[in-house]
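Residue-level listing of the chains:
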Amino acid sequence: MVAALTACAFFLSLCDKSTAFTNYHKYTTIPQTQRPFRDASEIYNGRKIKLCSQTRQGLFMRELGSIRNEKESKVESLELEKEKVPTTMTGALRTFFIGNNYGPILVVVSIAFLSYVRLCKISPMVSLSDGIICACSIVFWWFQEHLLHDKLLHSDFDWMGKTIHQTHHNKPYFHVSIDPPALVLGWLWTVHFLLRSTLPLPWAFSATIGYATAGLFYEWAHYIVHTKVKPSNSFFRKIRDNHIRHHCINEKYWFSFSIPAIDDLMGTNPTVAQARCYLEGNDTEGIS
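Bear in mind that the values here come from a model prediction, so they are computed numbers and not experimental data. (Residues numbered from 1 in each chain as written. Predicted model: local features only at pLDDT ≥ 70, side-chain atom pairs only at ≥ 80, totals over all residues. Heavy atoms only, no water.)

### Quick look at the overall build of the protein
The condition is simple: Numbering goes from the N terminus for both helices and strands, where a helix is a DSSP run of H or I of at least four residues and a strand is a run of E of at least two. The cut-offs for exposure are 20% and 50% of the maximum accessible area for each residue type, with area from a 1.4 Å probe on protein chains only; residues under the lower value are buried, those over the upper are exposed, and the others partly exposed. Any two residues whose heavy atoms approach within 4.5 Å at even a single point are treated as in contact. All accessibility values rest on the Shrake-Rupley procedure with a 1.4 Å probe; residue burial counts only the protein chains present in the view.
Looking only at helices and strands, the protein has eleven helices and two strands in total. Ordered by position from the N terminus, the helices and strands of the protein form the series α-β-β-α-α-α-α-α-α-α-α-α-α. In the protein, buried positions account for 36% of the 288 residues. For the protein, restricting intrachain contacts to residue pairs at least 6 apart in sequence, the fraction spanning at least 24 positions comes to 67%. Carbon and sulfur atoms make up 61% of the accessible area of the protein, which totals about 17,500 Å².

### Structural notes on the confidence of the model for the protein
Caution applies to low-pLDDT regions: their predicted coordinates should not be interpreted in detail. Applied cut-off: By definition, pLDDT measures how confident the predictor is in each residue, and it falls between 0 and 100.
In the predicted model, the protein carries a mean pLDDT of 80, and the fraction of residues at 70 or more is 68%. Low pLDDT (under 50) marks residues 10-14, which in the prediction has three contacts with non-local residues, meaning those over four places away or in another chain. In this model residues 16-56 is a low-confidence stretch, pLDDT under 50, and it forms 38 contacts with partners more than four residues away in sequence or in other chains.

### Description of the side chain of histidine 149
Note the threshold: Identification of polar contacts relies on pairs of N or O atoms within 3.5 Å, with a donor-acceptor requirement for protein atoms, meaning one able to donate a hydrogen and the other able to accept it, and with residues adjacent in sequence counted only if both atoms are side-chain atoms.
Note that histidine 149 resides in helix α5 (residues 128-151). Look at histidine 149 and you get buried, because its relative accessible area is 4%. Engagement of the side chain of histidine 149 in a polar contact is seen with the backbone oxygen of phenylalanine 255, the distance being 3.0 Å.

### Observations regarding the state of the cysteines
Quick note on the threshold: Any pair of cysteine sulfurs within 2.5 Å is marked as a disulfide.
Overall, the coordinates contain zero disulfides when judged by the stated rule. A disulfide-free cysteine, cysteine 134 has its sulfur positioned 9.4 Å from the sulfur of cysteine 136, the nearest such atom.

### A look at unusual backbone geometry
For residues that are not glycine, phi is negative in most cases, and the peptide bond is trans in most cases. Although it is not a glycine, tryptophan 254 adopts a positive phi angle of roughly 60 degrees. One can find tryptophan 254 in the loop between α9 (234-248) and α10 (261-266).

Below you can see the structure in the form of structure tokens.
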């Protein structure tokens, strides 16, 4: 089952990459008849001049780079136009669970599979210790998401994860933001096997179920605050307001999602005035 889910996620990721490459190739391929600098003699500032091969190659590469940049911008604009950001809860649920990204629904399948194995194959008895282990794994996720967001995705050193996250920040605030299936399932099952190597088998499954449930809620919370759906309660309004501040005011603060109060505990929930003061390089007294 694990191998099947992972293979499915990997295949879907390859399909997405293949589509993206096809679109890129479509918009960047230059017909032979439109290639610049085809002859050794070129018109430059109204004069016909003879260009050496090295000069012609340099000019060609510069022109080709300019054309590609223009085409890539068009591709990105077309992709953003195609991406319909949900405006209603029904549309948001449809996009999240049965849209083009299969990560969330595969997590739901994984949770159902883990629950089946725990209750039907290992033991139908659920003790208090199982509940405690499950709750601890959820609380662990709350602090983990803040720590990883702060120390890795906004780290002082450059690495692939930071670059990908910066791309997310560079997009318009309202967009569809869901982690790819390969990342979601790879992370989930890696954690599961680590837990199996350190905990008794029933506890390992209970901990993974709690961890996966917390992860799914995080995916939903991060996704929904980037849509145009207006939160219906104060809890999600708080999550949305904090994340808008993180994106639009100062990305050094407001790292939590599942429980906004974690920012208070970690000292990353300043007032808007304080965060702006820090960003402008003024007096930072009072900012923890």
